[in-house]
Amino acid sequence: MGDMTTFNIDNGYFEGLVRGFRSGILRRTDYHNLVECETIDDLKLHLQGTDYGPLLANDPAPIIVQTIDERLKERLVHEFTHIRNQCFQPLALFLDYMTYGYMIDNIILLITGTLRNRPIAELLPRCHPLGQFEELSTISIAQTPAELFNCVMVDTPLAPFFSGCTVVRSHYNVPPPHSYFSILNYFILVQSA
């Protein structure tokens, strides 16, 4: 009797929420219909019959591909955040780990952009929304990996993973990184030293 009164007490709402999201996923026939659309307006018309109908309803008639991409990312982030806020551990930690890859990609994007003298305001919109965090826009003030860690990454969930990588370059005689791969190689070299 006690088992039935507490059955699914922690995850009941979450399970229903995920089942609802699952029922809204496009089916194979929907994808075939989308492939046959010749214009973006046809695509918008077909999406009206699915759970994605309200997605583009408020956008003006000449819809561009970037608008569709932005709306889909907004929906993904909204649903992901809602799921993350409703679940308990250990699933909450797993969902946090899912965002870490996007955070690292955003950091690498901004580092390489600043190394190429691109303004942060131009680079921030290109960052993935699941990897956004407050300190991301301050990445341009860091001149060394140690400053990058102390100014930007120290308050992020990524800090424990990079805390051993923040030694001074001159100690290891390593040149400053200038590309995505050299940044990763630098962190690997310093971590293994």
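Right above here is the structure, for reference.
To start, this report covers the structure provided alongside it. Note that the structure is a prediction, hence the values are computed from the model and not measured.

## Side note on the overall build of the protein
Per the secondary structure count, the protein includes eleven helices and zero strands. In the protein, the succession of helices and strands from N to C terminus is α-α-α-α-α-α-α-α-α-α-α. Taking the contacts inside the protein whose residues are at least 6 apart along the sequence as the reference set, 47% of them involve residues at least 24 apart. Accessible surface, the protein as shown: approximately 12,700 Å² in total, 58% of it carbon and sulfur.

## What about the pattern of salt bridges?
Charged atoms that come close allow side chains of opposite charge to pair. Summed over the entire model, instances satisfying the criterion amount to six salt bridges. A salt bridge links Arg-19 to Glu-15, with the shortest nitrogen-to-oxygen separation between them at 2.8 Å. Taken together, the residues Arg-19 and Glu-15, both in helix α2 (residues 12–23) and four residues apart, mark about one turn of the helix. On the basis of relative accessible area, Glu-15 is assigned to the partly exposed category, the value being 33%. Between Arg-84 and Asp-96 there is a salt bridge; the shortest N-O distance is 2.8 Å. Here Arg-84, found in helix α5 (residues 65–86), pairs with Asp-96, found in helix α6 (residues 91–115); they are twelve residues apart in sequence, far enough to count as distant. Through salt bridges with shared partners, one network takes in Glu-70, Arg-71 and Glu-74.

## A closer look at helix α4 (residues 40–47)
By the burial criterion, the buried members of α4 are Leu-43, Lys-44, His-46 and Leu-47. Summarising the axial view, the buried residues of α4 lie within an arc of 165 degrees, below the 170-degree limit, and thus occupy one face. Contacts made by the buried residues of α4 are with α3 (28–36) and α5.

## Considering the packing of α2 against α5
Packing of α2 against α5 brings their axes to within 10 Å, and their N-to-C directions diverge by 160 degrees. By the angle between their directions, the pair α2 and α5 is classed as roughly antiparallel. α5 is crossed by α2, and the crossing has left-handed handedness. Across the interface between the two elements, Tyr-13, Phe-14, Leu-17 and Phe-21 from α2 touch Glu-79, His-82, Ile-83 and Gln-86 from α5. Taken together, the residues that form the contact of α2 with α5 break down as five nonpolar, two polar and one charged.

## A closer look at the nonpolar core
Counting 13 residues, the largest nonpolar core has Met-103, Ile-107, Leu-110, Phe-133, Leu-136, Met-153 and Leu-158 as the members making the most contacts within it. Listing elements by their share of this core, those giving two or more residues are α6 and α7 (120–123). Broken down by element, this core gets its largest block of residues, five residues, from α6. Residues within four places of Met-103 in sequence aside, it is in contact with Gly-131, Phe-133, Pro-157 and Leu-158.

## Description of a nonpolar patch on the surface
Nonpolar side chains collect at one region of the surface, where Leu-91, Phe-94 and Met-98 lie side by side and expose about 270 Å² of accessible area between them. Positionally, Met-98 belongs in helix α6.

## Describing the packing of α5 against α6
Viewed as axis vectors pointing N to C, α5 and α6 meet at an angle of 150 degrees, and their least axial separation amounts to 9 Å. As α5 packs across α6, the resulting crossing turns out to be left-handed. Contact residues: Phe-80, Ile-83 and Arg-84 in α5; Ala-92, Leu-95, Asp-96, Met-98 and Thr-99 in α6. Across the contact of α5 with α6, the residue classes break down as five nonpolar, one polar and two charged.

## Describing unusual backbone geometry
A cis amide bond links Gln-89 to the next residue, Pro-90, at an omega of 5 degrees. Structurally, Pro-90 is set in the loop between α5 and α6.

Thresholds, definitions, all that
Residues numbered from 1 in each chain as written. Predicted model: local features only at pLDDT ≥ 70, side-chain atom pairs only at ≥ 80, totals over all residues. Heavy atoms only, no water. Helix = DSSP H or I, 4+ residues; strand = E, 2+ residues; numbered from the N terminus. Contact = heavy atoms within 4.5 Å. Areas by Shrake-Rupley, 256 points an atom, 1.4 Å probe, with all protein chains shown as cover. Salt bridge = Lys/Arg side-chain N within 4 Å of Asp/Glu carboxyl O. Buried < 20%, exposed > 50% of the residue type's maximum accessible area, 1.4 Å probe, protein only. Arc of directions from axis to C-beta. Axes fitted to C-alpha atoms, helices over the stretch in contact; angles between N-to-C directions. Parallel < 35°, antiparallel > 145°, perpendicular 65-115°, else oblique. Left-handed = near helix turned anticlockwise from the far one by under 90°. Nonpolar A, V, L, I, M, F, W, Y, C, P; charged D, E, K, R; others polar. Core = buried A, V, L, I, M, F, W, Y, C linked by side-chain atoms within 4.5 Å. Patch = residues over 30% accessible without salt bridge, like charges linked within 9 Å, V, L, I, M, F, W, Y side chains within 5 Å.

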